[in-house]
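Now for the letters of each chain:
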Amino acid sequence: MTKQKVVGPRVIYWHRTDLRLHDSPALKAALDLKPECLWQCWTWDSHYVYRARNGPNRWQYLLDCQRDLSESITKINSKAKLFVIREGPQTLFPKLFKSWRVSHLVFEKDTDVYARDRDESIVQLAKDAGVEVIVKVGRTLYDPDELVKGNGGKPTMSISQVQAVAKKLGEPPRPIPAPKSLPDPGETPLDFDQERPSADPDINGQTRESKEQSFSALAGPNGDFAVPTMEELGLPVATTPHRGGESLALQRLAEVCKDKEYTATFEKPKCAPTEVPASTTLLSAHLHFGSLGVREFYWRVQDVVDEWKKGKHKVQATQPPTSLTGQLLFREMYFGAQAALGHPFHQTHANPSCRFIPWHLQSTIDPSTNRATGSYSIDSSAAERQFQRWAHGQTGFPWIDALMRQLRSEGWIEHLGRHAVACFLTRGGCYISWERGAAVFAELLLDHEPACNAGNWQWLSCTAFFAQFYRCYSPVAFPKKWDKSGDFVRRYVPELAKFSDKCIYEPWTASVADQKKWGCLIKGDGSEKEDGKMKVYPEPMFDFGERRDACLKGMKDAYGVGLYGNDKRVMDGSWKKLFPDDAEGLAEGDGAQSDGAEEAGSKTKKGGAAGKKRQAGQGTLDGVVKKAKK
DNA sequence: GCGCTAGTTGACGTA
DNA sequence: TTACGTCAACTAGCG
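An unreviewed UniProt entry lists chain A under the name FAD binding domain of DNA photolyase-domain-containing protein, with Phyllosticta citricarpa as the source organism. Under Sequence similarities (unreviewed entry), UniProt gives the following word-for-word description of chain A: "Belongs to the DNA photolyase class-1 family." In the Cofactor (unreviewed entry) part of its UniProt record, chain A is described as follows: "FAD".

In structure tokens form, the structure reads like this:
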């Protein structure tokens, strides 16, 4: 067994947003180096474990992806696997570079705000260690920085801007096939100490069932660099039926593309948010974790579309942005906005593209960084109660609650469903900051893509991207359009399963006799689940029609005042003077709202009211609500 | 500066 | 059942 010693590049391929072997420009770059040895690694980052709120479903999905990738690697080379090393890259890499005599570090470019900061330091550390760094774009169709450059250095705020730049940049490249062979990894000595992160604060602490132990040893509990388990993370079993991994992603993509008519004539606004199984592709989480390459998705679909266009069909192929590939352009748009705006894109404060609305439950800001801290100020205890009821599917509006319960148990809801709950929480119901909703989605959505999440919440709250705030989703009329008999509600709000079609979206309109007959009483605020043998479903937490009118008025006024997140008056808190009755409102309790005696109507004129004091009764909507009730 | 149109996905009433 | 106009009204982009 004498083997001639070959001296060549010793490469770490650092997997992050690319848990796949197909369509990976970074992997190709690593292999093009003709390495003597190649370690495919994942660094276990304390940021994700302790500092970002992640529900069990998302963790399960990540671990699925890692396990599947590791198995796929091993199938190609039995000596290779995904090496999961339990330490943050900032402290690990300098030690690893030396110990493993690494010559190159290769990874996929990530323009997320956290990743940018992290990677900047990693590139410097590699430079200091004499390690060459290769970064490749693979997460998006276009490099978000190039997209911004092509848009005159400005954030991409409309789909037409994205389409214009994409036209200039040309078609995205074809996907790269998975490698047929992989070099051996080198030896993996761990002759250095592990630096464990502080578990304080552990913002996922409440979710854990047992102690978090994923940092117990550098190579894991068995010393084999294996993918951690949910038990290691101390997390409960995931409840979602959706599972991760490249094998499943490619299988699903093949299923989608096999139905040529579906693929070629897909039209987003016509996808029912109430369908189970989903009317859309369910590939978003795979795109997020990189278990599916976006170019793979784009070209597999585009090839079907091109073929369809050649044939004679009753139904024409659809065009971007409503077509299937068009959906990817919205992703590009949000990545472009994030790339240009950086950290402020994820908050109102200091965000030049985001309108300021005097929402309830605004984020608290660290004045030294101008960044949101993750906590928020409770200006109104009623708004806080509404927020909690929204987040846990107890609003008393079955359509909203069904969606929020689906989100919590399965980690996924259809796009229009997301619209409905987001509109309801912000401009079309609760008048609560979009940042509160975005945080809940960030924790619970399997496909939580930070840029898309922030962008879509700004869209729905009419603070950026979209401004037609008078188009408001009704929790009753909107779902009826898709699901007359309320099957979706019956599935996710089973206590209402026996209610009549007529009452399913408005169970409070049922007579007490009917409620008894159907086995569920409509009462309370959601804290009571049963009353004797009867189930209990909460009363609606407000009169939707009144809240819609009040929100509409509030939005109109706030647009008139015309502040953006980077306005000095937003930054220094003096915006409160422009919304003078801010101190009024729900803070005193549900029934103790402002007396609303002042004239509620606004005479604020279009665009010209910046700096003009609003008339009393407008700062929060509650004075208006009270007035409307009289 | 002005008028006009388009903007992936509203609700409601009428024909 | 579907198609369209109205409601009261936003911004951005274009000519």
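A.B. asks: Quick question: what am I supposed to make of the protein's contact with DNA strand B here?
C.D. replies: If you check the shell around DNA strand B, you find 19 residues, and the closest are P269, F330, H419, S474 and A477. The contact in question runs from a phosphate oxygen of DNA strand B to an N or O atom on the backbone of S474, over 2.8 Å. Listing elements by their share of the surface near DNA strand B, those giving two or more residues are α12 (324–341), α15 (415–425) and α18 (477–482). Classifying every residue of the surface near DNA strand B by side-chain character gives ten nonpolar, six polar and three charged.

A.B. asks: Before we go on, may I ask you to explain the packing of aromatic side chains in this structure?
C.D. replies: The way to describe two aromatic rings as a pair is by their centre distance and the angle between their planes. Applying the stated criterion to the full structure yields 40 aromatic pairs. For the pair W39 and W100, a centre-to-centre distance of 5.0 Å together with 35° between the ring planes defines the contact as tilted. Pair noted here: W39 is in strand β2 (residues 37–43) and W100 is in the loop between α4 (89–99) and β4 (104–108), with a separation of 61 residues, a long-range link. On the basis of relative accessible area, W100 is assigned to the buried category, the value being 1%. On the basis of an interplanar angle of 5° and a centroid distance of 6.4 Å, the ring pair of F424 and F544 is categorised as stacked. Within this pair, whereas F424 is found in helix α15, its partner F544 is found in helix α21 (residues 544–561), the two being separated by 120 residues in sequence. Relative accessible area serves as the criterion here: at 10%, F544 is assigned to the buried category. Joined through ring pairs, the aromatic side chains of F330, Y334, F345, W459, F465 and F466 make up one cluster. The ring of Y559 is capped by R355, whose NZ or CZ atom sits 3.8 Å from the centre of that ring. In this structure, R547 packs its charged tip against the face of F542, placed 5.6 Å from the ring centre.

A.B. asks: Sorry, what's going on with the protein's contact with DNA strand C here?
C.D. replies: Around DNA strand C sit nine residues in total, of which Q161, R355, Q468, Y470 and K556 are the nearest. For DNA strand C, the fraction of atoms within 4 Å of the protein that belong to sugar or phosphate moieties is 61%. Between a base nitrogen of DNA strand C and a side-chain N or O atom of Y470, the distance comes to 3.2 Å. Interatomic distance of 2.5 Å between a side-chain N/O atom of K556 and a phosphate oxygen of DNA strand C. Grouping the amino acids of the surface near DNA strand C by side-chain chemistry returns four nonpolar, two polar and three charged.

Rules used throughout
Residue positions within a chain follow its written sequence, with the count starting from 1. Chains carry letters from A onward and ligands carry numbers from 1 onward, assigned in written order. Only residues with pLDDT of at least 70 are given local features in this predicted model, and only at 80 or more are side-chain atom pairs given and counted; all residues enter the totals for whole chains, interfaces and linings. In computing side-chain values, all of the structure's heavy atoms are included and hydrogens and water are not. UniProt positions are given in the numbering used here, feature names are shortened, and annotations may be inferred rather than shown by experiment. Any residue with at least one heavy atom within 4 Å of a molecule or strand is counted as near it. Distance and chemistry together define a polar contact, namely a pair of N or O atoms within 3.5 Å, with one atom able to donate a hydrogen and the other to accept it when in protein, and with adjacent residues in sequence counting only for side-chain atoms on both sides. Only runs of H or I of at least four residues qualify as helices and only runs of E of at least two qualify as strands under DSSP, and these elements are numbered from the N terminus. Ten residues, namely Ala, Val, Leu, Ile, Met, Phe, Trp, Tyr, Cys and Pro, are considered nonpolar, four, namely Asp, Glu, Lys and Arg, are considered charged, and the remaining ones, Gly among them, are considered polar. Within 6.5 Å between ring centres, the rings of Phe, Tyr and Trp (the latter by its six-membered ring) count as paired, and their orientation is classed by plane angle as stacked under 30 degrees, edge-to-face over 60, tilted in between. Burial classes: relative accessible area under 20% of the type maximum marks a residue as buried, over 50% as exposed, and values in between as partly exposed (1.4 Å probe, protein chains only). Here, a charge over a ring means that NZ of Lys or CZ of Arg falls within 6 Å of the ring centre while also lying within 35 degrees of the ring normal.

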